[in-house]
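Chain residues, written in single-letter form:
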Amino acid sequence: MAFSGALALTDLNDFITPSQTCIKPVEQILPKTEGKQPDSALNEIRIDHNGLYYEVNDSASIGGPATPGKKLEQAQISLNDCLACSGCITSAESVLITLQSHKEVLDFLSSNAAANVASRKIPVVSIAPQSLASLATSISSSSSAPVTPRQILRRLRAFCKEVLGFAHVFDTTFARHVALREHVKEFVERQTKYRSRNQDAESEGGTALPMLASACPGWICYAEKAHPEMLPFISKTKSPQQVMGTLVKHWMGEKWGKQPNEIYHVSVMPCYDKKLEASRADFFNDVYSTRDVDCVITTGEMQLLAQEKGWDLSLSVPDETLTAPSKLVPEVPFPELMVHSGSSSGSYLQSIIEHIQCTSATPLSLSVRQIRNADFEEYLLKREVEPDAEGEIVFKGAKCYGFRNLQNVVRKVGKESGVRVGVGAAGRLKGRAAVSKRGRRGQEMNTEKGYDYVEVMACPGGCVNGGGQVKPPTNFEAVCDTEGYSRDWGQSGVSLEDTAGPLAAKWGNKEWTKLVEKVYWDNLPAPSTNENHHMTNSGGKEDAGYVSEIRNEIVMLADRLLIDITDDLYWRKASGPQHNLFRTNYRAVESEVVGLAVKW
């Protein structure tokens, strides 16, 4: 979800519904007054009896020629803009967002350095790979030589340690690996429960299919406040950001001999909504009075932080091109920049597809069909049979990015699952709904298989196009936005920065997003498990066999480390069910505003 530069957080009451917030201004008939004030403007905006707006030049009142009124175009507000304003979040959440900024990080680091040694906290920063790709693309656009995400990670590590005073700098790819493993585990659990449950009984949390991805906080915020009937379908697995918070505050903290409240964890993310995610009550430790992620800054804020400190990210640092070690070292406890196949938004759908293919007793073929655009695609796994025969569909998934596509998926999931969309958590229909095509006389002709899984992201183009990413240069023009709609920024009233500046406040540049996507996959080879898998990116490496061998070695290393972490966090501490540490819960947010009590 991209944030409009014209929108800002304001002091509002708790959640105000769109019908009471987004209203057309009421025409007011004021008594006419003779003459004009001395300092009043020549141009006025007037409204006719049809509600149309006109800009009128009143030069005749001061002796100049009168000009006819100019009809003004009606402002268009997209759903992205609506969700970006504070009407869709509570006033308490808006305060939390304003508190999470790069200035907050600087204030903490300054006070922490001035404190006595015994009371100092360990500052840790974790950086998302999408943020690394965005910074690398921005620097490469003004540099003669291309810069890779690995180089950016090494430069940021040097900057954060030498200038800011952070003790540890990690990327979040290992946390994503943990989240993917837990995600697949949850899907298998849901699938098993769904198949064994009473078909006439209502689905409860943890058994409902299709399972919807939960890594995007913009989608979670939207579902909790606009479509609570979708909550039983949303995966309970934590996002990589929050998994990283668990690893840093609990597992690494024990290694360092520190309690969770003695560690200050900062994450660098491509999305503003990650600030809201970190502030959720589920991720607050009541025992130690601390959050798993203390502060979230966006990619743009990290760039601004480097600029304010005079650190040039375009300058190289020693050993920045060296690949990550094949074995763990104390300085880097996690595998660095882990490779993966799938999408640049986490590969949640791809991880489930690979699991089904690997565990299937019979060969499966994968086909991909574009529904509306590249941000809405369906994936089918079928049993391989005779060439002319139609194979049985084993799995049906979808990739859905952007709110325009997201609303279609919500309606489709509601129809397939027997849920009335838009009426809250009580909207489940009685019995099980089947999607079928019927003939003229009502006989059932065939039944369409519903989705088993949907990878949902609020931002068009996925996480590489997050609202907190670095904006493209002013000389990088785009005709269409990321959802394929043409936008004339000047005609729309958007004031761009001076072209001499390095950045411009543009929203949604499709070509720029493609460049970030390309840079994201640099040095992240992902050999395809199926030739027809459109979702897989190969990184353009020729020696696929060698790359695959290296990838498998790192994955095995990560899996062994995950087992050790699980043993440390669960069995040694006897902290309860295994899945609790990497899972969370969601709840519907009901509006407290009564429509009849609103004063118009």
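Above this text sits the structure in question.
Predicted, not measured: the structure shown is a model, and the values here were computed from it.

A. Quick peek at the overall build of the protein chain. Check the secondary structure of the protein chain and you find 15 helices and 16 strands. Every one of the 600 residues in the protein chain was classed for burial, and the buried ones make up 49%. Within the protein chain, contacts between residues separated by at least 24 positions form 72% of all contacts whose residues are at least 6 apart in sequence.

B. Quick look at the packing of helix α5 (residues 129-141) against helix α14 (residues 510-520). It is the contact of α5 with α14, at a shortest axis distance of 8 Å, that shows an interaxial angle of 115°. In terms of their interaxial angle, α5 and α14 are classed as roughly perpendicular. Taken as a pair, α5 and α14 cross one another with a handedness that is right-handed. Taking contact as the criterion, the partners of Pro129, Gln130, Ala133, Ser134, Ala136, Thr137, Ser138 and Ser141 in α5 are, on α14, Trp512, Leu515, Val516, Val519 and Tyr520. In terms of residue class, the contact of α5 with α14 is made up of eight nonpolar, five polar and no charged.

C. Fine view of the packing of aromatic side chains. All told, the structure shown has nine aromatic pairs when counted by the stated rule. Pairing Phe187 with Phe395 gives two aromatic rings, centres 6.1 Å apart and planes at 80°, and the pair type is edge-to-face. Of this pair, Phe187 sits in helix α7 (residues 173-196) while Phe395 sits in strand β13 (residues 393-401), placing them 208 residues apart in sequence. Using a relative accessible area of 1% as the deciding quantity, one classes Phe187 as buried. Using a relative accessible area of 1% as the deciding quantity, one classes Phe395 as buried. Ring geometry for Trp251 and Phe334: centres 6.0 Å apart, planes at 35°, overall tilted. Remark: Phe334 occurs in the loop between α11 (299-308) and α12 (348-359) and Trp251 occurs in helix α9 (residues 240-256); sequence separation between them is 83 residues. Ring pairing ties together the aromatic residues Phe170, Phe174, Trp251 and Phe334, which thus form one cluster. The side chain of Lys412 reaches across the aromatic face of Tyr451, ending 5.3 Å from its centre.

D. View of the nonpolar core. Judged by nonpolar contacts, the single largest core of 47 residues is most densely connected at Leu212, Trp219, Phe395 and Tyr453. With residues up to four places along the chain from it excluded, the contact list for Leu212 reads Trp219, Met230, Phe233, Ile234, Ser235, Val413, Val454 and Val456. Grouped together as the second largest cluster of nonpolar side chains are 34 residues, Cys295, Met302, Leu305 and Leu337 included.

E. Representation of the sheet that holds strand β12 (residues 376-383) in the model. The strand order across the open sheet formed by five strands is β6-β16-β13-β12-β11, and the pairing between neighbours is mixed. One side of each edge strand has no neighbouring strand; the edge strands of this open sheet are β6 (211-212) and β11 (364-370). Where β11 and β12 come together, seven bridges link them in antiparallel fashion. The residue bridging Leu366 from the neighbouring strand is Leu381, located in β12. Its contacts with the sheet put α12 on β6, β11, β12, β13 and β16 (453-457), and the angle it makes with β13 is roughly 170°.

F. Highlighting the environment of Met457. Of note, Met457 is situated in strand β16. Put simply, Met457 and Ala213 are 244 residues apart on the chain and 8.0 Å apart in space, counted from C-alpha to C-alpha. Apart from residues no more than four positions distant in its own chain, Met457 is found in contact with Ala215, Cys216, Ser345, Tyr348, Cys400, Tyr401, Gly402, Gly462 and Cys463.

G. View of the side chain of Thr290. Among the secondary structure elements, Thr290 is positioned in strand β9 (residues 290-291). Within the structure, the side chain of Thr290 is placed 2.9 Å from the side chain of Lys249, a separation counted as a polar contact. Among all residues touching Thr290, those that are not within four sequence positions of it are Lys249, Pro260, Asn261, Phe283, Phe284 and Asn285.

H. Highlighting helix α13 (residues 403-417). Taking 1.5 Å of rise per residue, the 15 residues of α13 would be expected to cover 21 Å, and the 20 Å separating its terminal C-alpha atoms lies within 8% of that figure. Gly418 sits one or two residues past α13 and shows a positive phi near 75°.

I. Structural detail: α14. Along α14, the residues classified as buried are Trp512, Thr513, Val516, Val519 and Tyr520. Along the axis of α14, the buried residues cluster in a sector spanning 120°; they form a single face. Where α14 is buried, its residues contact α5, α6 (149-164) and α7. Two or three places before Glu511, at the opening of α14, Asn509 has a side-chain oxygen 3.3 Å from that residue's backbone nitrogen.

J. View of the sheet that holds strand β3 (residues 70-71). As summarised here, the arrangement of the three strands in space is β1-β2-β3, forming an open sheet in which the pairing is antiparallel. The open sheet has two edge strands with one neighbour each: β1 (43-47) and β3. Across two bridges, the pairing between strand β2 (residues 53-57) and β3 is antiparallel. Paired with Tyr54 across the strands is Lys71, a residue of β3.

K. View of the packing of α7 against α12. The contact between α7 and α12 brings their axes to 9 Å, and the two run at 60°. Regarding the angle of α7 to α12, the classification is oblique. In the crossing of α7 with α12, the sense of the turn from one axis to the other is right-handed. Every residue of α12 that contacts α7 at Leu180, His183, Val184, Phe187 and Val188 is listed here: Tyr348, Ser351, Ile352, His355 and Ile356. Residues of the contact of α7 with α12, tallied by class, amount to seven nonpolar, three polar and no charged.

Rules used throughout
- Residues numbered from 1 in each chain as written.
- Predicted model: local features only at pLDDT ≥ 70, side-chain atom pairs only at ≥ 80, totals over all residues.
- Heavy atoms only, no water.
- Helix = DSSP H or I, 4+ residues; strand = E, 2+ residues; numbered from the N terminus.
- Buried < 20%, exposed > 50% of the residue type's maximum accessible area, 1.4 Å probe, protein only.
- Contact = heavy atoms within 4.5 Å.
- Axes fitted to C-alpha atoms, helices over the stretch in contact; angles between N-to-C directions.
- Parallel < 35°, antiparallel > 145°, perpendicular 65-115°, else oblique.
- Left-handed = near helix turned anticlockwise from the far one by under 90°.
- Nonpolar A, V, L, I, M, F, W, Y, C, P; charged D, E, K, R; others polar.
- Phe/Tyr/Trp six-rings, centres within 6.5 Å; stacked < 30°, edge-to-face > 60°.
- Lys NZ or Arg CZ within 6 Å of the ring centre and 35° of its normal.
- Core = buried A, V, L, I, M, F, W, Y, C linked by side-chain atoms within 4.5 Å.
- Pairing = 2+ DSSP bridges.
- Polar contact = N/O pair within 3.5 Å; in protein donor to acceptor, adjacent residues only side chain to side chain.
- Expected span 1.5 Å × (residues − 1).
- Arc of directions from axis to C-beta.

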